[in-house]
Structures are given as structure tokens and as C-alpha cells.
Amino acid sequence: MTTIRHHLSEQLLTAYAAGELPEAFNLVVATHVSLCDDCRARLETLDALGGALLETADATPMSEDSLAACLDRIDGLSQATSRSPMRRHGIFPAPLADYVGGGVNKVKWRNLGMGVKQAILPTGKDASARLLYIPGGQAVPDHGHRGLELTLVLQGAFRDETDRFGPGDIEIADEAMQHTPVAEHGEVCICLAATDAPLKFNAIIPRLAQPFLRI
Ligand SMILES: [Zn+2]
């Protein structure tokens, strides 16, 4: 495993721990955390903090039969529905494999031209998540952002104006950022990206195509 150099921000981890992120961002954060020991440790600290807050909160009584009802439901659960082990499928860690329904061979890719493909994943409407498939040497059109964009590398690597991003690395781009990610030569670069607003493409062709591609 290569060393992860680009991590989640404190702000994102805190929002994730508090359950405040849209589903698409949750998916990217959970996938990075499953690949990154550092961020998993930071998240555990934040979760412990949340637990401590819960312990000190005033208790609100539940209805009298709630404990018995809960125990009955636990008895009724079969072995099969209990938490299954981490189902990693090839380059897809468990959280992502659950969304795709398997590994890369299960992805329903759509061509964007120049060998670039994408697959939009089913998440809540407040933000969108997609898988990107970028052949070596190929660029994603130069674009800016109206909101926040998270890009997590699953295979291969890309470079942009800021740095190089390899497997497990996450790039956090905001409104102030303008970049042209280019996939490194060699292995096809596969990324998981999430945005909470449409991207702003500078070239006219991607801009015209945008409503159709739902980028
Ligand atoms: Zn990390």
C-alpha cells in the first residue's frame, strides 16, 4: 500500500462524526477512512468526544415497554442479518462496494468522450457522487467549483496544479480553486468524487454538455 499524503480536513471529519454531511460526502469520507489509519484514529477521537457529550446529556425517559420491545426484536433477528464482515471488492472498499453492488466490473459506466467515463451513484439529492474512469495521460476538463468537491483516488494517480494524488489520497477543492486534473501515464485512474453544486467548466463544449451529463 502506498503512503497516503492527502487527508480529510478537521472540518470534514467533525461534520462526518456529527452526522451533518450529505450522503454523497459521507460515502467519500467513509471510503477514505476505511483506507487510512490516520484518519480512522482521528475519527475515533472525535467519536469518543461525541460519546462523552452524550453521557453528560440529561436523559429523556422512553415509554415503559421500550426495553422489552427492543429485546424482542433482537431475539427475532436471524444470524444472516447480523453485521457482515468488510466486503472489499478489488479496489472498492466496503462502503463503496455496497453502493456499486460489487467491484469495478459491476459499475455502469457512461462515456464522456476521450476515453473518460463516469458512473453516477445513487445518493440523496443535496450532493452527488460519481465514479470517474480516466485513462493515463487524459485530462478532466479544466474547471472551477460552485461548492465543495471531494476527489478520492482508488487506482492509478492524477496530478493537477496543486500536487500529485495517488491511491487513498483525497483532494478537497472549493470555490476558490481552478484546476485541470490529468491522469498519470500507466494504470487507468479511477476516482470517487462528490460535489454539492454543479462544476463550472470554462470550455464551451463541456458547458453545453453539462446538463446532459449531469456533472
Ligand atoms: Zn487520511
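Here, residues in each chain are numbered from 1, in the same order as that chain's written sequence. Confidence filtering applies because this is a predicted model: local features only for residues at pLDDT of at least 70, side-chain atom pairs given and counted only at 80 or more, and all residues used for totals across whole chains, interfaces and linings. Each side-chain value is worked out from all heavy atoms of the structure, with water and hydrogens disregarded.

As annotated in an unreviewed UniProt entry, the protein is Transcriptional regulator from Paragemmobacter kunshanensis.

1. Some points on the pattern of salt bridges
Here a salt bridge means any side-chain nitrogen of Lys or Arg lying within 4 Å of a carboxyl oxygen belonging to Asp or Glu. One pass over the structure, following the stated rule, counts five salt bridges. Between Arg40 and Asp37 there is a salt bridge, and its shortest N-O distance comes to 2.5 Å. Taken as a pair, Arg40 and Asp37 lie in helix α3 (residues 37–56) at a separation of three residues, close to a single helical turn. Each residue gets one of three labels from its accessible area relative to the maximum for its type: buried under 20%, exposed over 50%, partly exposed in between, using a 1.4 Å probe on protein chains only. Judged by its relative accessible area of 31%, Arg40 is partly exposed. Each of Arg159, Arg164 and Glu184 takes part in one network of salt bridges that share partners. Each helix corresponds to a stretch of at least 4 residues labelled H or I by DSSP, and each strand to a stretch of at least 2 residues labelled E; elements are numbered beginning at the N terminus.

2. A few points about a negative patch on the surface
Like charges are joined within 9 Å and nonpolar side chains (Val, Leu, Ile, Met, Phe, Trp, Tyr) within 5 Å, but only among residues with over 30% relative accessible area and no salt bridge; these make up the patches. In this description, accessible areas are obtained by the Shrake-Rupley approach with a 1.4 Å probe, and a residue is regarded as covered only by the protein chains that are shown. Positive charges come from Lys and Arg alone, negative charges from Asp and Glu alone, with His and the N- and C-terminal ends not counted. In plain terms, the charge of a residue is placed at NZ if it is Lys, CZ if Arg, CG if Asp and CD if Glu. Together, Glu23, Asp126, Asp174, Glu175 and Asp196 make up a region of like negative charge exposed at the surface. Structurally, the position occupied by Glu23 is in helix α2 (residues 23–35).

3. Here we look at the side chain of Thr151
Positionally, Thr151 belongs in strand β5 (residues 149–155). Note on Thr151: relative accessible area 9%, which makes it buried. Any two residues having at least one pair of non-hydrogen atoms within 4.5 Å are treated as being in contact. In contact with Thr151, not counting residues within four places along its chain, are Phe158, Asp169, Ile170, Glu171, Cys191, Leu192 and Ala193.

4. Some points on the packing of α2 against α3
Any two packed helices are characterised by how steeply their axes cross, that is the angle between the axes, and by the distance between the axes. One way to put it is that α2 packs onto α3 with a least axis distance of 6 Å and a crossing angle of 115°. As far as their axial angle goes, α3 and α2 are roughly perpendicular. In this structure, α2 crosses over α3, and the sense of that crossing is left-handed. Packed against α2, whose contacting residues are His32, Val33, Ser34 and Leu35, the element α3 presents Asp37, Cys39, Arg40 and Leu43 at the interface. Classification convention: Asp, Glu, Lys, Arg as charged; Ala, Val, Leu, Ile, Met, Phe, Trp, Tyr, Cys, Pro as nonpolar; all other residues, Gly among them, as polar. Broken down by class, the residue content of the contact of α2 with α3 amounts to four nonpolar, two polar and two charged. Note on definitions: angles span 0 to 180 degrees between N-to-C directions of axes, and those axes are lines fitted to C-alpha atoms, for helices only across the stretch in contact. For classification purposes, angles smaller than 35 degrees are called roughly parallel, those larger than 145 roughly antiparallel, those between 65 and 115 roughly perpendicular, and all remaining angles oblique. The hand of a helix crossing depends on one turn: near helix anticlockwise from the far one by less than a right angle means left-handed, and clockwise means right-handed.

5. Some points on unusual backbone geometry
One non-glycine residue, Met114, lies in positive phi territory at about 55°. You can see Met114 is positioned in the loop between β1 (110–113) and β2 (116–121).

6. Quick word on the coordination of the zinc ion
In the first shell of the zinc ion, the protein supplies His7 (ND1), His32 (NE2), Cys36 (SG) and Cys39 (SG), at 2.1 to 2.3 Å from the metal. Any N, O or S atom lying within 2.8 Å of the metal counts as a donor, with the limit raised to 3.2 Å for Na, K and Ca; because water is left out of the atom set, some sites can appear incomplete. Within one chain, the residues serving as donors to the zinc ion are arranged as H-x24-H-x3-C-x2-C. Taken together, the positions of His7 in the segment before α1 (10–17) and Cys36 in the loop between α2 and α3 put the pair 29 residues apart, joining distant regions of the chain. For Cys36, a relative accessible area of 3% gives the class buried.

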